[in-house]
Amino acid sequence: MAGTFGNPEVVQEEVDILIIGGGMAACGAAYEIMPWIGAAKEAGVDITVKLVDKAAMDRSGAVAQGLSAINTYIGPNQDPADYARMVSNDLMGITRDDLAYDLGRNVDDSVHLFEEWGLPIWKTVNGERFDGATWPKEGGKLLKDGGDPVRSGKWQIMINGESYKWIVAEAAKKALGSDNIQERVFIVKLVNDANDKNRVAGAVGFSTREDKVYVYKFKACLLVAGGCVNIFRPRSVGEGQGRAWYPVWNAGSTYTMAAEAGAELTMMENRFVPARFKDGYGPVGAWFLLFKAQATNAYGEVYMTKNKELLNDYPPYGQAAVPASCLRNHLMLKEMKEGRGPIYMDTVTALAKLRETLSPREVKHLEAEAWEDFLDMCIGQCGIWVGENIEPEKKNSELMPTEPYLLGSHSGCCGIWASGPDDVGAPTTEEHPDAALIPAHLPQGWNWGYRSMTTVRGLFTAGDGVGASGHKFSSGSHTEGRMCAQSMVKFVMDNKDWVPTLDTSVEALVEEIYRPVRTFLEHKDYTTAIDVNPHYITPRMLQFRLQKIMDEYVAGVATYYTTNGHMLAVAEEKLGMLKEDAMKMRAKDLHELLRAWENYHRILTAEAHMKHIQFRKESRYPGFYYRMDYNLVDEENWHCFVNSVYDKETKTWTVFKRAHKDLVDKSK
Ligand code: FAD
């Protein structure tokens, strides 16, 4: 029976595997899973699968606008161990080598597939460069049939990637079949098994287009709903609001749903604060790496040279050939704080230098590439350049460190503690002196059977979901999704007779999800102005409150990314009250219902971030955040993972240390 706004239709479905999300990791899983399901069938086990995405897969997730580079391609002449070293150094030494190494040795296969599916990858053949526009029609495949990819950095290769997500999604859809895909369904929460608290049995969500609630039961689930944006007050205000660097539709669903299901989180204190072109958040990679531009203060001084000495405060991370990303911000922030801003990307000098060695035609081509870099992945920046009369050869552009984002796949490493590969010497028992603090029900070590399974049985993650690794980017997230496909099928085969039983009734779940709608319908006539009502708060207003708390107390842009124990204590109290008030959010339509639940996911993710920063008594990421009461990197006491588990009954966090171990020799 069709539902109404106040009384939604309830659709119940049972599948073996549910994929939550339709981004890069989900597409990887969707592409990979069918052959494994085929193999299971041959072994006598029938497995069903479904993918649900809150948006439309063709343009959902962080790659929605497209990209101009694939940031992780190892290539035939590089060593995955070197890649693991880079990941570790960039993330100040606290990453899981097992995850990074495993990714490094597998990621290229996904890139080869992208090319096979039609993604134009730039290459050089006999000294001549070809890109998507100039590639000879008779073609051939770049990476497979010879030629070298055009690298913009040691691990990055250039693409014409405006349609990157379309291409990857098309392959995923074709592989999975449209009957197994449901778009525009927002998953609100996972449901634990009634007989095993530490296992997932289902998930519940709602349609963003129709009055329908979906209740799924499953044996295994891949939770890949991206990272978290908009928990901090953004720099964009007014008409610019909604613009951020990472996508605003990444709302912390991955971290919150996993935490509420009991999964152990890791490194939630980590954040990414990229320095980007101001106001448009346009990418800087091509300018730094391809055009060799430099960033300066307002007086034309190159702060990376001028403030180089500061890097020595953070050995060995500051002294690497490429210092950790946060430290590069650290050097920039000194200029800003001491009043020598704005910071500029010196595009004028970079292009002039290129003119000294290149022909006018070649320079023109390069300039077109600079524009294309924006057009491929951040069209808004073109709007800013056009609107502000910026011709990069004549006028430099401002750079600005953004508001903080939480993610595990780009240059960040927050996320969920996941099982690693079983063949790279990862610890299998906990060796840390504080090991006694780790709750007894959690697995020991770094591998517990199924690659990428979280500490909750049946719950897998990839991409932004997997913590303590990072630098996987688009290709790596796809690869991790593919790894999950294989291990989920194995898990289901090993549990083929297990029957999921939800620990909450369907009625209670529906009631909870539609609470913001009911609150609205019950109280809407109390006042004449729909947005002003003592019985409810609009999702928009609640989001402002969250962002203000995080910005002012948890090291947002308002305090130049600084905080201390006292400020965190205030944040803790205010977030507690916000969590209570979140129960009073209203939804006047389905769009607001989406906004309400996104906000809820953001709040819990924000709380995890705050709790971890509070626990870690040092400033591990100078330039991304500073605890001014512990303004140092303390290798002796804090060269360890900080992990946590959330108790959804008591609504409290347990935070603890896990031992760190280098598996790759970092002295090389
Ligand atoms: P996503 O791809 O973000 O997918 C998340 C999915 O979950 C989406 O489909 C979303 O709709 C869905 N979802 C979210 N919440 C829910 C919910 N509650 N219920 C159901 N579905 C939900 N990578 C590179 O390789 N090179 C680059 O140059 C590069 N530059 C980047 C620049 C920018 C501006 C951005 C934003 C990203 C960039 N990346 C780059 C990184 C890359 O995009 C990510 O690493 C990758 O997309 C992460 O994959 P994911 O599957 O974890 O998340």
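So, how was this worked out
Residues numbered from 1 in each chain as written. Predicted model: local features only at pLDDT ≥ 70, side-chain atom pairs only at ≥ 80, totals over all residues. Heavy atoms only, no water. Salt bridge = Lys/Arg side-chain N within 4 Å of Asp/Glu carboxyl O. Helix = DSSP H or I, 4+ residues; strand = E, 2+ residues; numbered from the N terminus. Buried < 20%, exposed > 50% of the residue type's maximum accessible area, 1.4 Å probe, protein only. Near = heavy atom within 4 Å. Polar contact = N/O pair within 3.5 Å; in protein donor to acceptor, adjacent residues only side chain to side chain. Areas by Shrake-Rupley, 256 points an atom, 1.4 Å probe, with all protein chains shown as cover. Core = buried A, V, L, I, M, F, W, Y, C linked by side-chain atoms within 4.5 Å. Contact = heavy atoms within 4.5 Å. Pairing = 2+ DSSP bridges. Axes fitted to C-alpha atoms, helices over the stretch in contact; angles between N-to-C directions. pLDDT = per-residue confidence, 0-100. Disulfide = S-S within 2.5 Å. Phe/Tyr/Trp six-rings, centres within 6.5 Å; stacked < 30°, edge-to-face > 60°. Expected span 1.5 Å × (residues − 1). Bend = angle between axes of the 7 residues up to and from the residue. Parallel < 35°, antiparallel > 145°, perpendicular 65-115°, else oblique. Left-handed = near helix turned anticlockwise from the far one by under 90°.

J.: What is the right way to read the pattern of salt bridges from this model?
T.: Side chains that differ in sign of charge can pair as their charged atoms come close. Overall, the coordinates contain 49 salt bridges when judged by the stated rule. For Arg451, the salt bridge is made with Asp102, and the minimal N-O distance between the two is 2.6 Å. Of this pair, Arg451 sits in the loop between β19 (415-416) and β20 (459-461) while Asp102 sits in helix α3 (residues 97-116), placing them 349 residues apart in sequence. The shortest N-O distance in the salt bridge between Arg616 and Glu269 comes to 2.7 Å. Placement of Arg616 in the loop between α17 (590-615) and β22 (626-627) and of Glu269 in the loop between β14 (265-266) and β15 (275-277) is noted, with a sequence separation of 347 residues between them. Residue Arg616 shares its accessibility class with Glu269, and that shared class is buried. One network of salt bridges, with partners in common, ties together Glu301, Lys306, Lys334, Glu335, Glu338 and Arg340.

J.: I tried to follow the site of the ligand on my own but got confused; where do I start?
T.: Every one of the 37 residues lining the ligand counts as a neighbour, but Ala25, Asp53, Ala69, Ser409 and Ser474 are closest to it. Residue Ser409 places a side-chain N or O atom 2.6 Å away from an oxygen atom belonging to the ligand. The contact in question runs from an oxygen atom of the ligand to an N or O atom on the backbone of Phe473, over 3.4 Å. Calculation on the ligand without its partners gives an accessible area of 1,000 Å², and the protein chains cover 97% of this total. Put simply, the parts of the chain that give the shell around the ligand at least two residues each are α1 (24-42), β4 (67-70), β10 (185-192), α5 (253-260) and α12 (473-494).

J.: I tried to follow the nonpolar core on my own but got confused; where do I start?
T.: Generally speaking, a soluble globular protein has its nonpolar side chains buried in company with each other. In this structure, Ile17, Ile20, Tyr164, Leu190, Phe206 and Trp287 are the most contacted members of the largest nonpolar core, which totals 200 residues. Examining the composition of this core, we find that 12 residues originate from one element, α17, more than from any other. Not counting residues within four places of it along the chain, the set of residues in contact with Ile20 comprises Val52, Ile187, Leu190, Ala203, Cys221, Leu222, Leu223, Val224, Ala225 and Met257.

J.: It is not clear to me how the sheet that holds β20 should be interpreted in this structure. Could you clarify?
T.: In any sheet, the strands associate via hydrogen bonds between backbone groups, in a parallel or an antiparallel arrangement. If you trace the five strands from one edge of the open sheet to the other, you get β9-β3-β2-β13-β20, paired in parallel fashion. Since the sheet does not close on itself, it has two edges, and those belong to β9 (181-183) and β20, each with one partner. When the angles between neighbouring strand axes are averaged without regard to direction, this sheet yields 20°. In the sheet, strand β2 (residues 17-20) pairs with strand β13 (residues 220-223) via four bridges, with the strands oriented parallel. By the bridge assignment for β13, Ile20 is matched with Leu223. Docked against the sheet, α5 engages β2, β13 and β20, running at close to 145° with respect to β13.

J.: Looking at this structure, how should I read the confidence of the model for the protein chain?
T.: Low pLDDT marks regions whose predicted coordinates should not be analysed in detail. Mean pLDDT over the protein chain stands at 94; residues scoring 70 or higher make up 98%. Our summary of model confidence lists the complex with pTM equal to 0.97 and ipTM equal to 1.00.

J.: Is there a simple way to explain the state of the cysteines in this structure?
T.: Every disulfide links exactly two cysteines, by a covalent bond between their sulfur atoms. Scanning the entire structure with this criterion turns up zero disulfides. For the unlinked cysteine Cys27, the closest cysteine sulfur is that of Cys484, found at 14 Å.

J.: What am I meant to see in unusual backbone geometry here?
T.: A negative phi angle is the norm for most residues apart from glycine, just as the trans form is the norm for most peptide bonds. The omega angle of the peptide bond from Pro315 to Pro316 is -5°, so this bond is cis rather than trans. Here Pro316 is to be found in the loop between α7 (303-306) and α8 (325-337). In this model, Gly341 is joined to Pro342 through a cis peptide bond whose omega is -5°. Although it is not a glycine, Ser452 sits at a positive phi angle of roughly 75°. Judged by its relative accessible area of 0%, Ser452 falls in the buried class.

J.: Explanation requested: the sheet that holds β15 in the structure shown.
T.: Pairing in this open sheet of four strands is antiparallel, and the strands run β15-β18-β17-β16 from one edge to the other. What marks the edges here is a single partner per strand, and that holds for β15 and β16 (295-296). In terms of strand pairing, β16 meets strand β17 (residues 343-345) through two bridges, oriented antiparallel. Residue pairing for β17: Ala295 is matched across the bridge by Met345. Here α8 sits on the sheet in contact with β15, β17 and β18 (397-401), set at roughly 110° to β18.

J.: Got a minute to help me understand the packing of aromatic side chains in this structure?
T.: The relation between two aromatic rings is expressed through the spacing of the ring centres and the mutual angle of the planes. Scanning the model with the defined rule gives 25 aromatic pairs in all. Each ring, one from Trp245 and one from Tyr405, has its centre 5.6 Å from the other, and the planes form 45°; the classification is tilted. Of the two residues, Trp245 sits in the loop between β13 and α5 while Tyr405 sits in the loop between β18 and β19, which places them 160 residues apart along the sequence. As far as the burial class goes, Trp245 and Tyr405 line up, both buried. Here Tyr450 and Phe491 contribute two aromatic rings whose centre-to-centre distance is 5.2 Å and whose plane-to-plane angle is 80°, an arrangement assigned as edge-to-face.

J.: I tried to follow α3 on my own but got confused; where do I start?
T.: Helical periodicity: at 3.6 residues per turn, an α-helix aligns residues three or four positions apart in one direction. A rise of 1.5 Å per residue sets the reference length of α3, with its 20 residues, at 28 Å; its end C-alpha atoms lie 30 Å apart and thus fit the reference within 8%. Most pronounced at Asn106, the bend in α3 amounts to some 40°. For α3, the tally of buried residues reaches 15 of 20 residues, placing the bulk of the element in the interior. Downstream of α3 by a residue or two, Gly118 has a phi angle that is positive, lying close to 115°.

J.: In this structure, what is going on with the packing of helix α9 (residues 347-357) against helix α10 (residues 360-377)? I would like to understand it.
T.: Where α9 contacts α10, the axes come no closer than 9 Å and their chain directions differ by 150°. With respect to α10, the axis of α9 lies roughly antiparallel. Both α9 and α10 take part in a crossing whose hand is right-handed. Between α9 and α10, the residues in contact are Leu351, Leu354 and Arg355 and Val363, Leu366 and Glu367, respectively.

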